[in-house]
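Chain residues, written in single-letter form:
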4 protein chains.
Amino acid sequence: MTTELERLAVRLREFARVRDWEQFHTPKNLAMALAGEVGELVAEFQWLTADESKNPDPGALARMRTELGDVTLYLIRLADVLGVDLVEAAQAKLEDNDRRYAADRYRGSAEKAPPSSHDA
Amino acid sequence: MTTELERLAVRLREFARVRDWEQFHTPKNLAMALAGEVGELVAEFQWLTADESKNPDPGALARMRTELGDVTLYLIRLADVLGVDLVEAAQAKLEDNDRRYAADRYRGSAEKAPPSSHDA
Amino acid sequence: MTTELERLAVRLREFARVRDWEQFHTPKNLAMALAGEVGELVAEFQWLTADESKNPDPGALARMRTELGDVTLYLIRLADVLGVDLVEAAQAKLEDNDRRYAADRYRGSAEKAPPSSHDA
Amino acid sequence: MTTELERLAVRLREFARVRDWEQFHTPKNLAMALAGEVGELVAEFQWLTADESKNPDPGALARMRTELGDVTLYLIRLADVLGVDLVEAAQAKLEDNDRRYAADRYRGSAEKAPPSSHDA
């Protein structure tokens, strides 16, 4: 994992340890907490038009930033308790997407590619 | 943003550009895509006990890793189009949580702290 | 609960019983399954414009209908194991919203009302 | 749609109409609002054990009921603007699941069935 993400993972471990919260931080519970935070993030966008979402007012942008921070923290913590390196997982998926979505075949199309052999 | 996250953000920009997908990548749409991927991640855990979630079998762990990769990619892309630095946002939120959840007050308790003044 | 929802709840109980799935159907697990299905539903809308979402093509509409069915089934099942009457819960919330969002104050505005005293 | 769900759908139409909120109630936006409410519902369960989720304390149960009400309202409203009958969609999906998950093959197993031909 990248140095900065690793540093955050270590701080989150300590944050949980000193509060005796490791008992709550099972992967299952952290996945739910992540879903809850993503729900709050989505709610910030729900009534905005596409254009408004590109130029949120300062108050909305500050709330989005706070929710993005929450999502990032739970994502790092979940990956850490599972022993998954987020950057490597993201790179692997990006390379897979690069193969599945050939640029000339999917240019300007929101169509979904058939599942990769990696998904099976 | 951290070097490795920044590198991924740049690769995602290029991935969207060569496919002419920037038109689809509004913050609103990306927040939805993130929610969809988190739904797939949560689904991997839904029938597992807490203990099983700590020791997923290799097939389940591989699927979780793939979903964590997807979530990370959309999170990076969403933050990028909004101009938000994920690591800074996470650090700010962690410091806020550190203040709100005093270790001796919340030790071993899953109780929620009252909203911070930053949430208002 | 309404007759038709009640009938579905009874069929879902039987569906779980004959498969010995009651062990998996804790409220916690069912809430996760609901979140997973809502993720699939949201994914159907993620790249559509607002206008396209109002007039989905037949294939997309069929997939939305399938996902709406899944969401409804898990919602009914979750409410059933918790002993909550969905129609009563929805009516109570609608009346609460009616009070909070006075028509003349919130006309044409997507602004959020302050939390009701019922939310505390 | 069932009489009681239909009655709620009509009340929600009127609720939106008198506030001039129909402009916000595109299927896309309502799907996001539904996801946001499901996020709040999941958050009520995230730190509970499986057993605790079966016997929530009265305060937690009241909050779950409120969130179930919110989810139900947005689900009804989304189905209404799409012209989908929720009860019929749920029945169709239940019958499909009945075929896919043969009771003797899946007894006591949380394994996922292969996709039905209806999913393709």
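Our structure is the block above this text.
Residues numbered from 1 in each chain as written. Chains lettered and ligands numbered in written order. Predicted model: local features only at pLDDT ≥ 70, side-chain atom pairs only at ≥ 80, totals over all residues. Heavy atoms only, no water.

S.K.: Quick rundown of the side chain of E67(A)? Include the residues and the values.
M.R.: Looking at the element boundaries, E67(A) is found in helix α4 (residues 58-82). No salt bridge is formed by the buried E67(A); its nearest oppositely charged neighbour, K93(B), is found at 6.0 Å. Those residues in contact with E67(A) that lie beyond four places of it in its chain are E37(A), E40(A), L41(A) and E44(A). (Helix = DSSP H or I, 4+ residues; strand = E, 2+ residues; numbered from the N terminus. Buried < 20%, exposed > 50% of the residue type's maximum accessible area, 1.4 Å probe, protein only. Lys, Arg positive; Asp, Glu negative; His and termini not counted. Salt bridge = Lys/Arg side-chain N within 4 Å of Asp/Glu carboxyl O. Contact = heavy atoms within 4.5 Å.)

S.K.: Which residues make up the relation of the copies chain B and chain A, and what values go with them?
M.R.: Superposing chain B onto chain A requires a rotation of 180° together with a translation of 0.0 Å along the rotation axis, leaving an RMSD of 0.0 Å. Between the two chains, the operation in question is that of a two-fold axis. Interface residue correspondence from chain B to chain A reaches 100%, placing this contact among same-surface, isologous pairings. (Least-squares fit on C-alpha atoms with pLDDT ≥ 70 in both.)

S.K.: Summarise the pattern of salt bridges; cite the residues concerned and give the values.
M.R.: Taken as a whole and judged by the stated rule, the model has 40 salt bridges over all chains. For E95(D), the salt bridge goes to R11(C), with nearest N and O atoms at 3.6 Å. Within this pair, whereas E95(D) is found in helix α5 (residues 86-100), its partner R11(C) is found in helix α1 (residues 3-18), the two belonging to separate chains. When the shortest N-O distance is used, the salt bridge between D96(C) and R99(C) registers 3.7 Å. Of this pair, D96(C) and R99(C) are both found in helix α5 (residues 86-100), 3 residues apart, which corresponds to roughly one turn of the helix. The exposure class of R99(C) is exposed, given its relative accessible area of 55%. What emerges from the salt-bridge pattern is a single network uniting R13(A), R77(A) and D80(A).

S.K.: Kindly report on empty space enclosed by the protein, identifying the contributing residues and their values.
M.R.: Counted by the stated rule, this structure contains 3 cavities of 30 Å³ or more. Taken as a whole, the largest cavity holds about 150 Å³ of empty space. Every residue lining the largest cavity is counted, 16 residues in all, and those nearest its centre are A35(A), A35(B), A35(C), A35(D) and V38(D). Broken down by secondary-structure element, the contributors of at least two residues to the lining of the largest cavity are α2 (27-45) of chain A, α2 (27-45) of chain B, α2 (27-45) of chain C together with α2 (27-45) of chain D. Classifying every residue of the lining of the largest cavity by side-chain character gives 11 nonpolar, 5 polar and no charged. What the second largest cavity holds in volume is close to 60 Å³. Taken together, L5(C), T72(C), L75(C), I76(C), L86(C), L5(D), T72(D), L75(D), I76(D) and L86(D) make up the full set of residues lining the second largest cavity. Counting residues per element, the ones that place at least two in the lining of the second largest cavity are α4 (58-82) of chain C together with α4 (58-82) of chain D. Its residues assigned to classes, the lining of the second largest cavity shows 8 nonpolar, 2 polar and no charged. (1 Å grid on protein atoms, 1.4 Å probe; cavity = no way out; pocket = protein on both sides within 12 Å on 5 of 7 lines; lining within 4 Å. Points joined across faces, edges and corners; volume = space filled by probe spheres on them. Nonpolar A, V, L, I, M, F, W, Y, C, P; charged D, E, K, R; others polar.)

S.K.: I'd like a description of the interface of chain B and chain A, backed by residues and values.
M.R.: Every contact between the two is made by 66 residues of chain B and, on the other side, 66 residues of chain A. Summed over both partners, the interface of chain B with chain A buries about 5,800 Å², with 70% contributed by carbon and sulfur atoms. On the chain B side of the interface with chain A, the three residues burying the most area are R19(B), K28(B) and L94(B), jointly 11% of the side's total. The tally of links from chain B across to chain A stands at 6 salt bridges. Across the pair K93(A) and D70(B) runs a salt bridge whose closest N-O atoms are separated by 2.7 Å. On the surface where chain B and chain A come into contact, there are 22 residue pairs in polar contact (both at pLDDT 80 or more). For the side of chain B that touches chain A, the secondary structure elements donating two or more residues are α1 (3-18), α2, α3 (50-54), α4 (58-82), α5 (86-100) and α6 (103-106) of chain B. (Buried area = accessible area lost by both parts, 1.4 Å probe. Polar contact = N/O pair within 3.5 Å; in protein donor to acceptor, adjacent residues only side chain to side chain.)

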